[in-house]
Amino acid sequence: MITGPALLAVASGLALGLGLIVAIGAQNAFVLRQGLRLEHVAAVVAVCAISDVVLILAGVLGAGAVLGRLPWLVPVVCFAGAAFLLGYGVLAARRALRPGALVPDAGGIRTGLAATVGTCLALTWLNPHVYLDTVVLLGSTASTYGAHRWQFAAGAGLGSVLWFTGLGYGARLLRPVFARPAAWRVLDGGIAVVMVLLAVSLAVRGFG
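Source: prediction; values computed, not measured. (Residues numbered from 1 in each chain as written. Predicted model: local features only at pLDDT ≥ 70, side-chain atom pairs only at ≥ 80, totals over all residues. Heavy atoms only, no water.)

Moving on, we get to the overall build of the protein. Secondary structure assignment for the protein yields 8 helices and 0 strands. Walking the protein from its N terminus toward its C terminus, one meets helices and strands in the order α-α-α-α-α-α-α-α. The buried share of the protein, reckoned over its 208 residues, is 38%. Here the contacts in the protein between residues at least 6 apart in sequence split such that 89% fall between residues at least 24 apart. (Helix = DSSP H or I, 4+ residues; strand = E, 2+ residues; numbered from the N terminus. Buried < 20%, exposed > 50% of the residue type's maximum accessible area, 1.4 Å probe, protein only. Contact = heavy atoms within 4.5 Å.)

If you want it as structure tokens, here you go:
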């Protein structure tokens, strides 16, 4: 039987997990784009959700405390993530300038499963916010729940699964809009701007 404190821990983990993950960022932009293209959606959703669960568990097991005691790792993670995001932004800008490559249907130019999963893993594991927010913040918050920290982690993990599943599969509702090359140009242009801004903010954070 699940007790009141356990339910509170699950609900708190769910709320905080969603609060941290529901934001404009590289990972969410990639999941949205794959969902619109109907391309390897299940694999992308699974990679993102499983990665989040692993990181949450790592935080609960004490990785958050380790990173908190090694502040020199913060700029390293920031610069690595900034470099990757900048590169991804440049690729998005190139796609926006070449509408012939922006085909949402399966019959168009597709990216292989391995390349898609690789990009998804990089966007997830090279994102400093994953470690600073998901691992450190969720990990330290979970520790305040004592014996119910695992229920808290379960709630946070559930939030990730629900969010990525909804984002990946819900994106297809917008597919008719993005059947036009102009819409894809706007999407990729927006992604490029977001990626570059995130890269700059992370670089500044690294210097700080």
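Picking up after the structure, the text goes on.
Within the protein, residue pLDDT values average 80, and 87% of them lie at 70 or more. The spread of mean pLDDT over the elements of the protein runs between helix H6 (residues 128-143), the lowest at 78, and helix H5 (residues 113-125), the highest at 92. In the model, residues 100-107 has pLDDT below 50 throughout and makes 19 contacts with residues more than four positions away in sequence or in other chains. (pLDDT = per-residue confidence, 0-100.)

A few words now on the packing of aromatic side chains. Under the counting rule described, the total for this entry stands at 2 aromatic pairs. Each ring, one from Phe30 and one from Tyr88, has its centre 6.3 Å from the other, and the planes form 70°; the classification is edge-to-face. On the criterion of sequence distance, the pair formed by Phe30 in helix H2 (residues 26-37) and Tyr88 in helix H4 (residues 73-97) is long-range, its members being 58 residues apart. No difference in accessibility class separates Phe30 from Tyr88, as the two residues are buried. Taken together, a centroid distance of 5.1 Å and an interplanar angle of 65° make the contact between Phe79 and Phe207 edge-to-face. Of this pair, Phe79 sits in helix H4 while Phe207 sits in helix H8 (residues 181-207); the two residues are 128 residues apart in sequence, bridging distant segments of the chain. (Phe/Tyr/Trp six-rings, centres within 6.5 Å; stacked < 30°, edge-to-face > 60°.)

Attention shifts here to H2. In this model, H2 (12 residues) spans 17 Å end to end at C-alpha, consistent with the 16 Å of a helix rising 1.5 Å per residue. With respect to burial, H2 is a largely interior element, 11 of its 12 residues being buried. Among the residues of H2, those classed as buried are Ala26, Gln27, Asn28, Ala29, Phe30, Val31, Arg33, Gln34, Gly35, Leu36 and Arg37. Within two residues after H2, Leu38 carries a phi angle of roughly 55°, on the positive side. (Expected span 1.5 Å × (residues − 1).)

A word on the packing of H2 against helix H7 (residues 149-170). Where H2 meets H7, the closest approach of the two axes is 7 Å, and the angle between their N-to-C directions is 40°. The pairing of H2 with H7 is recorded here as oblique in orientation. Counting all contacts with H2, which are made through Gln27, Asn28, Val31, Leu32 and Gly35, the residues of H7 involved are Trp163, Phe164, Leu167 and Gly168. Here the contact of H2 with H7 is composed, by residue class, of 5 nonpolar, 4 polar and no charged. (Axes fitted to C-alpha atoms, helices over the stretch in contact; angles between N-to-C directions. Parallel < 35°, antiparallel > 145°, perpendicular 65-115°, else oblique. Nonpolar A, V, L, I, M, F, W, Y, C, P; charged D, E, K, R; others polar.)

This paragraph deals with a nonpolar patch on the surface. A grouping of Val53, Leu57, Leu61, Trp150 and Val161 is seen on the molecular surface, where their side chains present a nonpolar patch of about 420 Å² in accessible area. At the level of secondary structure, the elements contributing two or more residues to the nonpolar patch comprise helix H3 (41-69) and H7. By residue number, the principal contributor to the nonpolar patch is H3, which donates 3 residues. Among the residues examined, Leu57 registers a relative accessible area of 34% and is labelled partly exposed. (Patch = residues over 30% accessible without salt bridge, like charges linked within 9 Å, V, L, I, M, F, W, Y side chains within 5 Å. Areas by Shrake-Rupley, 256 points an atom, 1.4 Å probe, with all protein chains shown as cover. Salt bridge = Lys/Arg side-chain N within 4 Å of Asp/Glu carboxyl O.)

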